[in-house]
Amino acid sequence: MDPLDRLAEPGLDLLHRVDALLAAGVPEGHRVWPLLRRMQVLPGDAVRGFLDLHPAPLASAGHAVRRLVRGYDDVGAALTDPVLWSGPAASAYGQERAALLRHLDEGPESLVGRLDSTAGYADALADWVEGSRLALARTIADVLRSAEAVAVVAATAAGPPTRLTPVGPGVADAAEIAARVLAVLCVAYDGAETLLRQWAPSLAESIWRSPLDGRPRYDQPTQPTRVGW
């Protein structure tokens, strides 16, 4: 259990009150408006969804992907065994084998290279989740101790407000709390998008290209030649 998990219950209780006040009305021109438009969600729902993100499964996925490399090592070892035959078919097989070895494990575009990149991306996402959860926990801890939180609790003590005109008590305080929470979540999701852009080229499909494409194949039967009479 990390700091965000420990703050989840009191944080969500406060943010539920914040959501109720925002639903009743938001001060015109408040800095929370662009954040609400971008996130398309109230802060309580946004935090509730983020609570389901944990770094451990992503870190485990990275370890699992790296373990797959051993299987590729076994295949590579089998392909390096000497071939005790010669001729055109042996030559073609040698070319295919060398190309397959390069495809398996030679450079970042090989299968092993892509596995390493996939594992690295999983590790980077795990670090992103851990850092984002910590930043969100700090923000929630700050707003729980704030004067705005006291005003929000007082304004909702008798139950959720109805639609108010003009904006009623506690709504400006709720908007300020919402802005602080949504701002840190916007930074978090910007970080996720940055990671995807950075890693996307390394996660592209590794395409196999046979050196024998377009050449006669010695592993397939050929049509017999008809001899005229």
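As shown above, the structure is provided for reference.
Residues numbered from 1 in each chain as written. Predicted model: local features only at pLDDT ≥ 70, side-chain atom pairs only at ≥ 80, totals over all residues. Heavy atoms only, no water.

### Re the packing of aromatic side chains
Here is the rule: Here the aromatic set is Phe, Tyr and Trp, taking the six-membered ring for Trp, and pairing holds for ring centres within 6.5 Å; pairs whose planes are under 30 degrees apart are stacked, those over 60 apart are edge-to-face, and all others are tilted. In this text, helices come from DSSP runs of H or I with a minimum length of four residues, and strands from runs of E with a minimum of two, each type numbered from the N-terminal end. When accessible area is computed with a 1.4 Å probe and restricted to protein chains, residues below 20% of their type maximum are described as buried, those above 50% as exposed, and intermediate ones as partly exposed.
For the structure on display, the rule yields four aromatic pairs. Consider the rings of Phe50 and Trp128, whose centres lie 6.1 Å apart with planes at 75 degrees: the pair is edge-to-face. Linking Phe50 in helix H3 (residues 43-50) with Trp128 in helix H7 (residues 111-144), this pair joins segments that are 78 residues apart in sequence. Residue classification places Trp128 among the buried positions, given a relative accessible area of 16%. A ring pair is formed by Tyr121 and Trp199, whose centres lie 6.2 Å apart and whose planes are at 45 degrees; its orientation type is tilted.

### Let's talk about the pattern of salt bridges
The condition that has to hold: Whenever a carboxyl oxygen of Asp or Glu lies within 4 Å of a side-chain nitrogen of Lys or Arg, that contact is scored as a salt bridge.
Taken as a whole and judged by the stated rule, the model has eight salt bridges. When the shortest N-O distance is used, the salt bridge between Arg66 and Asp123 registers 2.8 Å. One end of the pair, Arg66, is in helix H4 (residues 55-67); the other, Asp123, is in helix H7, with 57 residues separating them in the sequence. Among the residues examined, Asp123 registers a relative accessible area of 23% and is labelled partly exposed. Asp142 serves as the salt-bridge partner of Arg145, at 2.9 Å between the closest nitrogen and oxygen. For Arg145, a relative accessible area of 63% puts it in the exposed group. One continuous salt-bridge network, built from bridges that share partners, spans Asp2, Asp5 and Arg133.

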